[in-house]
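# Per-entry structural report
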Amino acid sequence: MTSKLACGLAALAMGLTSVGIAHPGLAQVSVSRPQVAQASPLSGSWRLVSMAGIEPGVPSQDVRLTAEFVGDRLSGFGGCNQFTGRYQTTGSQLSVSPLASTQRACEGFLMDQEFRYLTALQGAQRYEINPQGILIVSYQNERESGELRFAPIAVRGLW
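Below: a short report on this structure. (Residues numbered from 1 in each chain as written. Predicted model: local features only at pLDDT ≥ 70, side-chain atom pairs only at ≥ 80, totals over all residues. Heavy atoms only, no water.)

### Topic: helix α2 (residues 108-122)
- For α2, spanning 15 residues, the distance from its first C-alpha to its last is 21 Å, which sits close to the expected 21 Å at 1.5 Å a residue.
- The set of residues buried in α2 consists of L110, Q113, E114, R116, Y117, L118, T119, A120 and L121. (Helix = DSSP H or I, 4+ residues; strand = E, 2+ residues; numbered from the N terminus. Expected span 1.5 Å × (residues − 1). Buried < 20%, exposed > 50% of the residue type's maximum accessible area, 1.4 Å probe, protein only.)

### A few points about the pattern of salt bridges
- For the coordinates displayed, the defined rule picks out 3 salt bridges.
- Across the pair D72 and R86 runs a salt bridge, and its minimum N-O distance is 3.0 Å. Residue D72 is found in the loop between β2 (66-70) and β3 (73-77), and its partner R86 is found in strand β4 (residues 82-90); the two are separated by 14 residues along the sequence.
- Classification of R86 as partly exposed rests on a relative accessible area of 41%.
- Measuring nitrogen to oxygen at the nearest pair gives 2.8 Å for the salt bridge that ties E144 to R116. (Salt bridge = Lys/Arg side-chain N within 4 Å of Asp/Glu carboxyl O.)

### Section: the packing of aromatic side chains
- Throughout the structure, instances matching the rule amount to 3 aromatic pairs.
- Ring plane angle 75° and centroid distance 6.1 Å describe the contact between F83 and Y117, whose orientation is recorded as edge-to-face. Placement of F83 in strand β4 and of Y117 in helix α2 is noted, with a sequence separation of 34 residues between them.
- You can call F83 buried: its relative accessible area is 3%.
- Owing to a relative accessible area of 0%, Y117 belongs among the buried residues under this scheme. (Phe/Tyr/Trp six-rings, centres within 6.5 Å; stacked < 30°, edge-to-face > 60°.)

### Some details on the state of the cysteines
- Under the defined criterion, the tally for this structure stands at 1 disulfide.
- Sulfur-sulfur distance for the disulfide between C80 and C106 comes to 1.8 Å. Across the disulfide from C80 to C106, rotation about the S-S bond amounts to roughly 90°, and the bridge is consequently right-handed. Residue C80 is found in the loop between β3 and β4, and its partner C106 is found in the loop between β6 (100-101) and α2; the two are separated by 26 residues along the sequence.
- A relative accessible area of 22% places C106 in the partly exposed class. (Disulfide = S-S within 2.5 Å.)

Laid out in structure tokens, this is it:
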């Protein structure tokens, strides 16, 4: 009976210590809590406000080029098609994987604008968020180099 009682107390003590509670007379086991990953400063939804040679919203006021960074995923709207891919940051360095997009056909000027936008995103080199909250992505690709400037997209409340 004594050995069964000892086994029961040992099992109880193991169960209690796994949540950080010590049983009198038994060693306390500390349990480390997992670290919660901090969100990247890029996290959230952004609207393109400027890019060399591209004026978002012109000629159509309804065209909004966007980028949404969630976890390690990048998605958004290129003016004609939705796109998705992955991104990675190291300090202020930014790299974007090849992007996949839907295959909708649009007017030529929208397709050209979208191609330049997605090509610029895939050429991302660095990023910063200035004191005004504007995301600036510096890029370089085979055709050009420059900056993409994004404003945060405000989240609408449910009230």
